[in-house]
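# Chains, contacts and geometry: an overview
Read off the chains here:
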Amino acid sequence: MISLSLLLAGCISANPHRSAQKIVSESGLISEKFDTDPFPIIGWHRLTPPVHSLRVYIEGDGFAWKSRTTPL
């Protein structure tokens, strides 16, 4: 039973890139792709004048912590 549930959990029919793009467009964000070496970076922004503050969120590779309580 556990194996079957894990197998079915891995079969996601939704495209995560399409879902992200839908969220971005509904939020009024603008998507930009930066071609870097060795991989492209995608950024989203919503800059409307006048801009008084800037928030930058940087996502890593998903392995910044060894466990829930121990950073690398």
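Note that the coordinates shown come from a computational prediction; the quantities given were computed from them, not determined experimentally. (Residues numbered from 1 in each chain as written. Predicted model: local features only at pLDDT ≥ 70, side-chain atom pairs only at ≥ 80, totals over all residues. Heavy atoms only, no water.)

### Notes on the confidence of the model for the protein
Here the protein shows a mean pLDDT of 76. Residues at 70 or above account for 74%. Within the protein, no element has a lower average pLDDT than helix H1 (residues 2-9), which sits at 60, and none a higher one than strand S1 (residues 30-34), at 84. (pLDDT = per-residue confidence, 0-100. Helix = DSSP H or I, 4+ residues; strand = E, 2+ residues; numbered from the N terminus.)

### Observations regarding the environment of Gly 28
You can see Gly 28 is positioned in the loop between helix H2 (16-27) and S1. It is 6.9 Å that separates the C-alpha atoms of Gly 28 and Arg 46, two residues lying 18 residues apart in sequence.

### Details of the pairing of S1
Relative to strand S2 (residues 41-45), S1 runs antiparallel, the two sharing 5 bridges. Looking at S2, one finds that Ser 31 is bridged to Trp 44. Here S1 folds back onto S2, and the loop between the two strands holds 6 residues. (Pairing = 2+ DSSP bridges.)

### Re a nonpolar patch on the surface
There is a patch of nonpolar side chains on the surface, built from Leu 47, Val 51, Leu 54, Val 56 and Ile 58 and spanning about 580 Å² of accessible area. Relative to the helices and strands, Val 51 is located in the segment after S2. Of the residues examined, Val 51 reaches a relative accessible area of 48% and is grouped as partly exposed. (Patch = residues over 30% accessible without salt bridge, like charges linked within 9 Å, V, L, I, M, F, W, Y side chains within 5 Å. Areas by Shrake-Rupley, 256 points an atom, 1.4 Å probe, with all protein chains shown as cover. Salt bridge = Lys/Arg side-chain N within 4 Å of Asp/Glu carboxyl O. Buried < 20%, exposed > 50% of the residue type's maximum accessible area, 1.4 Å probe, protein only.)

### Points about the environment of Leu 47
Structurally, Leu 47 can be placed in the segment after S2. Remark: the alpha-carbon pair of Leu 47 and Ile 30, spanning 17 residues in sequence, is separated by 8.8 Å.

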